[in-house]
Structure formats: C-alpha cells, structure tokens
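Below are the chains, spelled out letter by letter.
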Amino acid sequence: MAKKALITGITGQDGSYLAELLLSKGYKVYGLVRRYSHDPFTRIRHILHRIELISGDLSDQVSIDQTIAKVKPDELYNLAAQSYVAASWDQPLLTGDATALGVARLLESLRRQSPLTRFYQASSSEMFGKVLETPQRETTPFYPRSPYAVSKVYGHYLTINYRESYKLFAVSGICFNHESPRRGIEYVTRKVTYGAAMIKTGRAKELRLGNLESKRDWGFAGDYVDAMWRMLQQSRPENFVIATGETHSVRELCEAAFSALGLDWKKYVKVDRALLRPAEVDLLCGDPSLAKRRLKWKPRVKFHELIAMMAQSDLELVKRGGCP
C-alpha cells in the first residue's frame, strides 16, 4: 500500500519539488492549501491531476484537525510559513501566527490524532542570525534577527519538545538558503535573475538592491527536498543542517546572474539604502557534515550552475511575456 504524505505549503517552491519527489517514489500526496481569490497553483499545475488538495489554514485548528483525521498521513512535511524576512517586519503578528503557532497546531493535532505520523519541520538558517560561530552546525546557538527568524526558533524548539515529551518522530531541517527558477520574485536571488533578464531584453534599465556585501550559503531547492525526505526515513528522529558549506555575497550573485546573460552587472545595479533591513544578517554558512554522514546526502547543483539556470529561465519567461 502506498505511503501517504501531507505537505503544507505545497504551492510554494519547496512544496512543488517535494511533491514531485514523493510522487516519483510512489507516494499518495496530499496538499493543505488556503483559499485564494487568485490562482496559486503555477508551480504544481503539471501535477495537479496526481495529487489531492485539501482546503485549510495553519491559523485554523479545526481545518488542521479535519485534514489529519481524514488523511492519517505516514509523513507530514510542514513547509508553510510567512517566509519572507522583509515582510515579517511589516507583519510580525501574522508571521508569528503562521510560522510559529502554526507548528504548535500541527504538532498538537498529531499528538492527539495521529501520533505515528512522522513530522518534518522546515527550520531556517535565519535562526542563527547574528552568528556566534562559523560555519553554523546543529549545535550552534541561535541569535535571530527578525520576527520571521524568531518565529522559526519557536517552531524548531517546539518540534524538539514534542519529540522528547510525547515520543513523536518529529525532526527539524535547518535549511540554508535554497533557490530555483520557482523561487518567489521577492527573494534576492530571483529579484536579481529576473532583473537581469528584464535588462537583457530592454524592459528595464537598472536593478536596485540593498546590502551587496551580505553573504549566504545558496543551494538548489531540488537537492534540499531530497534531504527532507531522507530525514524521515531514518531509524530515529534527529535534526540536521542542510547546506552547501560555501558562501557567496549578493555582489557575487549579481556578477553570476548578469554574466550568464552576457552583461556587466556594474553598469546596472544600484544600491538603495531604503532596501536595507532594520537588523541585517551579514553571514550565513552551514556545515552539512552530519547530513552527509548520516543521511548520505550532498548537494549536487553548484552555485554558478544554479544562478545560470535561474537567469536563463527568467530570460525565457520575460521573452514570452510572462510574469514571475
């Protein structure tokens, strides 16, 4: 009998790649989705006929309870969140409700209704914030620097608490930045690759960014969802850092994206101080040693390959007249 997996955030970047992976492994895949006044299914349209979507919301305990009672999933992947760091400063309460308390609602529902379900919580490298050691590993203390990061810390520790207190198979994957052509336009990688494509086609003249010196550990989302799945196949629950172990600055990101399209980024990128965060995270670099050792996982797509992939995808999108 096929395993059943429930994915929250299935319409997002990670959710779409994870759904594809699980389908390839023979799973029956369910997705919890909010009701929208617009069509949110762009990333999963090609697999809609192979998955079952259930209407619900992480802010609504009733819909969560009904969904888990109906599906009784073997695995639950919580990828839903208000995950845009900049927006968390403007909407801290909304961010806390979805990104922090949403985890509590899911875990409590599992505890009461489906305690054998294996649970994956999408933790974030943003929890390390003002980093206390480099590279960051599973034992590195957290120092969150945004409402989003604080909310993720809550969800992370609650997952550990439910694992230790109620013996749930509950794990957190501390994923560093992971990107793809499916990344939302509000994120800096996609903002840069789409901006470069707009300039290449003559539809824009410049790209305005904030801190060019900020450094991140960027990997490919398709690689990272494989690590998520591997975490739930282990004999015992354990948290893992998922990262490449390499860092690149926003400046290097610009150089890679514009170069992939035959452009000199220095001619088009302008620094706009209005785009700086109230509290900046300057450097994130993960140590994936434990994941490589225990999960037999490693990232396959390199940084320049990833950014070139995104830039070319955006160039094709712009030429077709599509929107990000």
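A brief report on the enclosed structure follows. (Residues numbered from 1 in each chain as written. Predicted model: local features only at pLDDT ≥ 70, side-chain atom pairs only at ≥ 80, totals over all residues. Heavy atoms only, no water.)

Some points on the pairing of strand S2 (residues 28–33)
- With respect to burial, S2 is a largely interior element, five of its six residues being buried.
- Here five bridges tie strand S1 (residues 4–8) to S2, and the two strands are oriented parallel to one another. Looking at S2, one finds that Lys-4 is bridged to Lys-28.
- Following the chain from S1 across helix H1 (residues 13–24) to the adjacent parallel S2, one finds a crossover that is right-handed.
- For S2 and strand S3 (residues 52–55), the ladder comprises four bridges, and the chain directions are parallel. From the neighbouring strand, Tyr-30 faces S3, where its bridge partner is Glu-52. (Buried < 20%, exposed > 50% of the residue type's maximum accessible area, 1.4 Å probe, protein only. Helix = DSSP H or I, 4+ residues; strand = E, 2+ residues; numbered from the N terminus. Pairing = 2+ DSSP bridges. Right-handed = clockwise from strand over helix to strand, strands pointing away.)

Some points on the packing of aromatic side chains
- Scanning the entire structure with this criterion turns up nine aromatic pairs.
- Seen from their ring centres, Tyr-17 and Phe-220 are 5.5 Å apart, and the 75° between their planes marks the pair as edge-to-face. In this pair, Tyr-17 is assigned in helix H1 and Phe-220 in strand S10 (residues 219–220), connecting sequence segments 203 residues apart.
- With a centroid separation of 6.1 Å and an interplanar angle of 45°, the aromatic rings of Tyr-77 and Tyr-120 are classed as tilted. (Phe/Tyr/Trp six-rings, centres within 6.5 Å; stacked < 30°, edge-to-face > 60°.)

Some details on the pattern of salt bridges
- Applying the stated criterion to the full structure yields 20 salt bridges.
- For Arg-208, the salt bridge identified is with Glu-206, shortest N-O distance 2.8 Å.
- Between Asp-272 and Arg-208 there is a salt bridge, with the nearest N and O atoms lying 3.4 Å from each other. Taken together, the residues Asp-272 in the loop between strand S13 (269–271) and helix H9 (289–295) and Arg-208 in strand S8 (residues 207–209) connect sequence positions 64 residues apart.
- On the basis of relative accessible area, Arg-208 is assigned to the partly exposed category, the value being 37%.
- The structure contains a network of salt bridges with shared partners spanning Asp-65, Glu-108, Arg-111 and Arg-112. (Salt bridge = Lys/Arg side-chain N within 4 Å of Asp/Glu carboxyl O.)

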